[in-house]
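As a plain string of letters, each chain reads:
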Amino acid sequence: MEEKEKQPVIEVENVTKVYTMGEVQVHALRGVSLRVYPGELMSIMGPSGSGKSTLMNVLGALDVPTSGSYRLDGQDVSKMRPDKLAEIRNKKIGFVFQSFNLLPRTSALANVELPLVYSGMSNGRQLCIDALEMVGLGDRLHHKPNELSGGQQQRVAIARALVNQPSIILADEPTGNLDSKAGAEVMRIFQELNMERGITIIFVTHEPDIAEHTRRIVRLADGLIVSDSPVRNPRLASERAYTRSSRDLMSENEPVAA
């Protein structure tokens, strides 16, 4: 059992990704190697064009590398067919995006049910209710996205990511569209999911304040990992866990439902 716990849940070896755009080849990843262990809470950082979004697509089995290998829970997924990749994604990985990606005319409960519908599960209503209660939205089951604040919409998205009970959550700029109070609440939920449920969580972010809430930061530049280091004193999310610039200051005196 001890040996099994030491095995990486994600193992990327010398992965490249090349996109062909007309006559131009874009080398998004240039030989990335990375290991992620069960229960980690980590960030992938880098400026635009660094390759962090491409790496997230590979880690999330949304895309396959041009060369190199990717093992997920010990299974080589680097050359799988799209249908097999979709099956792996649905079982093992939950996604949370900056733009929430909720269906606008559909209730919070129905949005959370979507992954179960795709996987063919017809009796998962209670799982969805439990997931929404877990993120503090047990009283908002039948609200549509336009009846929810930005923070509440992101919590619906987190509940949707949780409903298939994934071992990994990939969060792409999950606080990017939120004010500081709502963002802090979302970070608190992620930290609790990691600490209390042992879910491996990987953030893709360009915000240092968000990365400081994780325990490990991997930095990319020009398609390569340039640093991989632990965070000495990870920050615990609080009501004002991080700050932004003028946009937040303008809304400082307005009530925000997180």
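Residues numbered from 1 in each chain as written. Predicted model: local features only at pLDDT ≥ 70, side-chain atom pairs only at ≥ 80, totals over all residues. Heavy atoms only, no water.

*Asks:* When you look at helix α2 (residues 52–59) in this model, what are you seeing that I'm missing?
*Replies:* Most of α2 sits out of view: six of its eight residues are buried. After α2 finishes, the residue A61 shows a positive phi value of roughly 60°. (Buried < 20%, exposed > 50% of the residue type's maximum accessible area, 1.4 Å probe, protein only. Helix = DSSP H or I, 4+ residues; strand = E, 2+ residues; numbered from the N terminus.)

*Asks:* Honestly, the sheet that holds strand β10 (residues 224–230) in this entry has me stumped. Any pointers?
*Replies:* Picture the strands of a sheet paired through backbone hydrogen bonds; they go either parallel or antiparallel. Sheet architecture is open: six strands sit in the order β6-β7-β8-β3-β9-β10, paired in mixed fashion. Because the sheet does not close on itself, it has two edges, and the strands there are β6 (93–97) and β10. Averaged over all neighbouring strand pairs, the angle between strand axes comes to 15°, with direction disregarded. Bridging between β6 and strand β7 (residues 168–172) involves five bridges; their strand directions are parallel. The residue bridging I93 from the neighbouring strand is I168, located in β7. Seen against the sheet, helix α6 (residues 150–162) touches β6 and β7 and runs at an angle of roughly 165° to β6. Contacts from helix α7 (residues 180–197) reach β3 (41–45), β6, β7 and β8 (200–205) within the one sheet, and its direction differs from that of β8 by about 150°. (Pairing = 2+ DSSP bridges. Axes fitted to C-alpha atoms, helices over the stretch in contact; angles between N-to-C directions. Contact = heavy atoms within 4.5 Å.)

*Asks:* How should the pairing of strand β1 (residues 10–21) be read in this particular structure?
*Replies:* Looking down a regular strand, the side chains alternate between one sheet face and the other. Looking at chain direction, β1 and strand β2 (residues 24–36) are connected through 10 bridges and run antiparallel. Directly across from T16, in β2, lies its bridge partner R30. Where β1 folds back onto β2 in an antiparallel hairpin, the turn is made up of two residues, including G22, whose phi is positive at roughly 70°. In this sheet, strand β4 (residues 67–72) lies alongside β1 in antiparallel orientation, the contact comprising five bridges. Within the sheet, the bridge partner assigned to T16 lies in β4 and is S67.

*Asks:* Please explain unusual backbone geometry as it appears in this structure.
*Replies:* A positive phi angle, near 55°, is found at N101, a position not held by glycine. Relative to the elements of secondary structure, N101 occurs in the loop between β6 and α4 (108–118). Phi is positive for Q165, which is not a glycine, with a value near 55°. Looking at the element boundaries, Q165 is found in the loop between α6 and β7.

*Asks:* Hey, could you run me through a nonpolar patch on the surface in this one?
*Replies:* A grouping of M21, V24 and V26 is seen on the molecular surface, where their side chains present a nonpolar patch of about 270 Å² in accessible area. Relative to the assigned elements, M21 resides in strand β1. (Patch = residues over 30% accessible without salt bridge, like charges linked within 9 Å, V, L, I, M, F, W, Y side chains within 5 Å. Areas by Shrake-Rupley, 256 points an atom, 1.4 Å probe, with all protein chains shown as cover. Salt bridge = Lys/Arg side-chain N within 4 Å of Asp/Glu carboxyl O.)

*Asks:* I'm lost on the pattern of salt bridges in this one. Help?
*Replies:* Pairs may arise between side chains of opposite charge once their charged atoms sit close together. All chains considered together, the criterion is met by 15 salt bridges. Note that R216 and E40 form a salt bridge whose closest N and O atoms lie 2.8 Å from each other. Of the two residues, R216 is situated in strand β9 (residues 216–221) and E40 in the loop between β2 and β3; the sequence distance between them amounts to 176 residues. Here the two residues R216 and E40 agree in accessibility, since each one is buried. K91 is the partner of E87 in a salt bridge, and the nearest nitrogen-oxygen pair spans 3.5 Å. Placement of both E87 and K91 in helix α3 (residues 82–92) is noted, with a separation of four residues, approximately one turn of the helix. Residue class for K91 comes out exposed when judged on its relative accessible area of 56%. Overlapping salt bridges, with partners in common, bring together E11, E13 and R35 in one network.

*Asks:* Looking at this model, I keep getting lost on the sheet that holds β2. Mind explaining?
*Replies:* Taken together, the four strands give an open sheet; going across it, the order is β2-β1-β4-β5, and neighbouring strands pair in antiparallel fashion. Among the strands making up the open sheet, the edge pair consists of β2 and β5 (75–76). Sheet topology note: the β4/β5 ladder contains two bridges and is antiparallel. When the bridges of β5 are listed, L72 appears paired with Q75. Contacting β1, β2 and β4, α2 crosses the sheet at an angle of about 60° to β2.

*Asks:* Just to check I follow, could you spell out the packing of α6 against α7 for this structure?
*Replies:* Working note: a packed helix pair is described by the angle between its axes plus the distance between those axes. Across the interface, α6 lies against α7 with an axial gap of 9 Å and an inter-helix angle of 20°. It follows from the interaxial angle that α6 and α7 lie roughly parallel. Crossing angle aside, the handedness with which α6 passes α7 is right-handed. Packed against α6, whose contacting residues are G151, Q154, R155, I158 and L162, the element α7 presents A182, E185, V186, I189, F190 and L193 at the interface. (Parallel < 35°, antiparallel > 145°, perpendicular 65-115°, else oblique. Left-handed = near helix turned anticlockwise from the far one by under 90°.)

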